[in-house]
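Report on the structure
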Amino acid sequence: MLSDRDLFARLVAFDTTSHLSNLPMVEFLQEYLDRPGVRIRSLPSDGGDKANLLVSTGPERVDGTGLLLSGHMDVVPAEEPDWRSDPFTLTEVGETLVARGAADMKGFLALATNRFAAIDPTRLRAPLVLLFTHDEETGTMGARRFSETWTDRESLPRSVVIGEPTSLQVVRAHKGMLRLRLTFEGKAAHSGYPHLGRSAIEPAASVIVALGRLRREMEAERPAHGDEFPEVPFAALNVGTVNGGSAANVIPAQCTVGLSVRLLPGMTAADMTERVRQTVIRTAGETPFTLEHVSESPAMMLAEDAPIYRQLAGAVGQQGSRSVMFATDAGWLQRMGLECVLFGPGSIEVAHRPNEFVPTAELLRAGHVLDDLIQQRCAAP
């Protein structure tokens, strides 16, 4: 068995950028964890080039007891020129460990994996389960596939810790993420003969202005659960991309607008999509358009009296509730009836940036907290 540091380095060395396959890392983890008393399932993606990994040990129970530790295996690209070291080599810099995925979230994956590997299955009174997912960074697609295809939900522990970088705070609520794509259709023509064409960009521009008005309207609203997110207590709409036209002397035949909405708990993707659609209909006139649903990551909120939240918050001495504005796999797992909290070393503020790092002290403390939590939740007295 490797040390936490050495296993962390091995996991970082797998380039699991979301557009690449994660199967080499899945196969390594399967081999690393395989032994008597361990049940391993590799759950392939639609295309078969990626997989979720579900590993369990201890008694098979259907009463929801035990503990599930979860995290995503994919990372965002590391193409920024500002990296001062190889992003896929774990590098010690002062009191930190630097690499792509150091905070988000291969440090946690290494801790969870090693604690599982060290467990004697015969000494467990309740199951310990690992769920590592694919494609979280591109829309929580691995967690969605798991939630929609895994039929033996009763066999899973109800309490879930997802190792997102929270600086060792225990988070019980996060916003969701809805991604939409608008495509406007025009008619191409030489710009010297404008009567022969129809611009797709001009109506798209009018719609973008209207979406700006919708954004401001939503910012003035105070929907349910907004008080859980005091910094941004509303659904936040963002027009993120605009692409259209081919040349300045060609009337553009198509324009595509990408937008996202950060949904609060209790909001539905269908209702928000319809709100956007009606805004477009009122503005676009006769211009043909399509509104596509690109992806959805549901919001998550756990009751303050949920046992896993109270137990973990007590372990770290946390007073008061914590929430985050980013989406995670927890939204889909919650829809399976699981009770999820976010807890992990590192900060979201350094994730997705060059020279991403995790403080060594946080990694060490997170390991101790997980040791105690597994002992309390799973081990025989």
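Above this text sits the structure in question.
Being a predicted model, the structure only gives us computed values, none of them experimental.

1. Quick word on the sheet that holds strand β6 (residues 128-133)
If you walk across this open sheet you meet the six strands as β1-β2-β6-β3-β7-β17, and the pairing is mixed. Where the open sheet ends on each side, the last strands, each with one partner, are β1 (38-44) and β17 (339-342). Recorded for the sheet is a direction-independent mean angle of 20 degrees between the axes of neighbouring strands. Here β1 runs beside strand β2 (residues 51-57); their pairing, made up of seven bridges, is antiparallel. By the bridge assignment for β2, Leu43 is matched with Asn52. The strands touched by helix α7 (residues 307-316) within the sheet are β3 (67-72), β7 (159-162) and β17, with β17 carrying the most contacts at an inclination of about 25 degrees. Sitting on the sheet, helix α9 (residues 360-378) touches β3, β6 and β7, and the angle it makes with β3 is about 140 degrees.

2. Regarding the pairing of β2
The buried fraction of β2 amounts to seven of the seven residues, a majority that puts the element mostly inside the structure. In β2, alternate side chains face the same way, and those of Ala51, Leu53, Val55 and Thr57 on one face and Asn52, Leu54 and Ser56 on the other are all buried. Sheet topology places β2 next to β6; five bridges connect them, and they run antiparallel. Residue pairing for β6: Val55 is matched across the bridge by Leu130.

3. Remarks on the packing of helix α2 (residues 23-33) against helix α3 (residues 102-118)
Look at α2 against α3: their axes get within 10 Å of each other, and the N-to-C directions meet at 25 degrees. Classed by the angle they form, the pair α2 and α3 counts as roughly parallel. Counted together, Met25, Leu29, Tyr32 and Leu33 of α2 and Lys106, Leu109, Thr113, Asn114, Phe116 and Ala117 of α3 form the full contact between these two elements. Residues of the contact of α2 with α3, tallied by class, amount to seven nonpolar, two polar and one charged.

4. A few points about the sheet that holds strand β5 (residues 96-98)
A sheet is described by the order of its strands in space; here three strands give the open sequence β4-β5-β18, paired in antiparallel fashion. Edge positions in the sheet fall to β4 (91-93) and β18 (357-359), since each has one partner strand and no second. For this sheet, the mean angle separating the axes of adjacent strands, direction not counted, is 30 degrees. Pairing geometry for β4 and β5, over three bridges, is antiparallel. Bridging across to β5, Thr91 finds its partner in Val98.

5. Describing the pattern of salt bridges
Enumeration over the complete set of coordinates arrives at 17 salt bridges. A salt bridge links Arg115 to Asp4, with the shortest nitrogen-to-oxygen separation between them at 3.1 Å. Of this pair, Arg115 sits in helix α3 while Asp4 sits in helix α1 (residues 4-13), placing them 111 residues apart in sequence. Asp4 sits in the partly exposed class, given a relative accessible area of 25%. Note that Glu356 and Arg100 form a salt bridge whose closest N and O atoms lie 2.7 Å from each other. Separated by 256 residues along the polypeptide, Glu356 in the loop between β17 and β18 and Arg100 in the loop between β5 and α3 bring together distant segments of the chain. Overlapping salt bridges, with partners in common, bring together Asp4, Arg115 and Asp371 in one network.

6. Here we look at helix α4 (residues 141-149)
The α-helix advances 3.6 residues per turn, and as a result positions three or four apart in sequence lie on the same side. Within the span of α4, buried status applies to Gly142, Ala143, Phe146 and Ser147. Down the axis of α4, the smallest arc covering the buried residues is 130 degrees, so these residues share one side. Against β1, β2, β6 and α8 (330-334) lie the buried residues of α4.

Rules used in this analysis
- Residues numbered from 1 in each chain as written.
- Predicted model: local features only at pLDDT ≥ 70, side-chain atom pairs only at ≥ 80, totals over all residues.
- Heavy atoms only, no water.
- Pairing = 2+ DSSP bridges.
- Helix = DSSP H or I, 4+ residues; strand = E, 2+ residues; numbered from the N terminus.
- Axes fitted to C-alpha atoms, helices over the stretch in contact; angles between N-to-C directions.
- Contact = heavy atoms within 4.5 Å.
- Buried < 20%, exposed > 50% of the residue type's maximum accessible area, 1.4 Å probe, protein only.
- Parallel < 35°, antiparallel > 145°, perpendicular 65-115°, else oblique.
- Nonpolar A, V, L, I, M, F, W, Y, C, P; charged D, E, K, R; others polar.
- Salt bridge = Lys/Arg side-chain N within 4 Å of Asp/Glu carboxyl O.
- Arc of directions from axis to C-beta.

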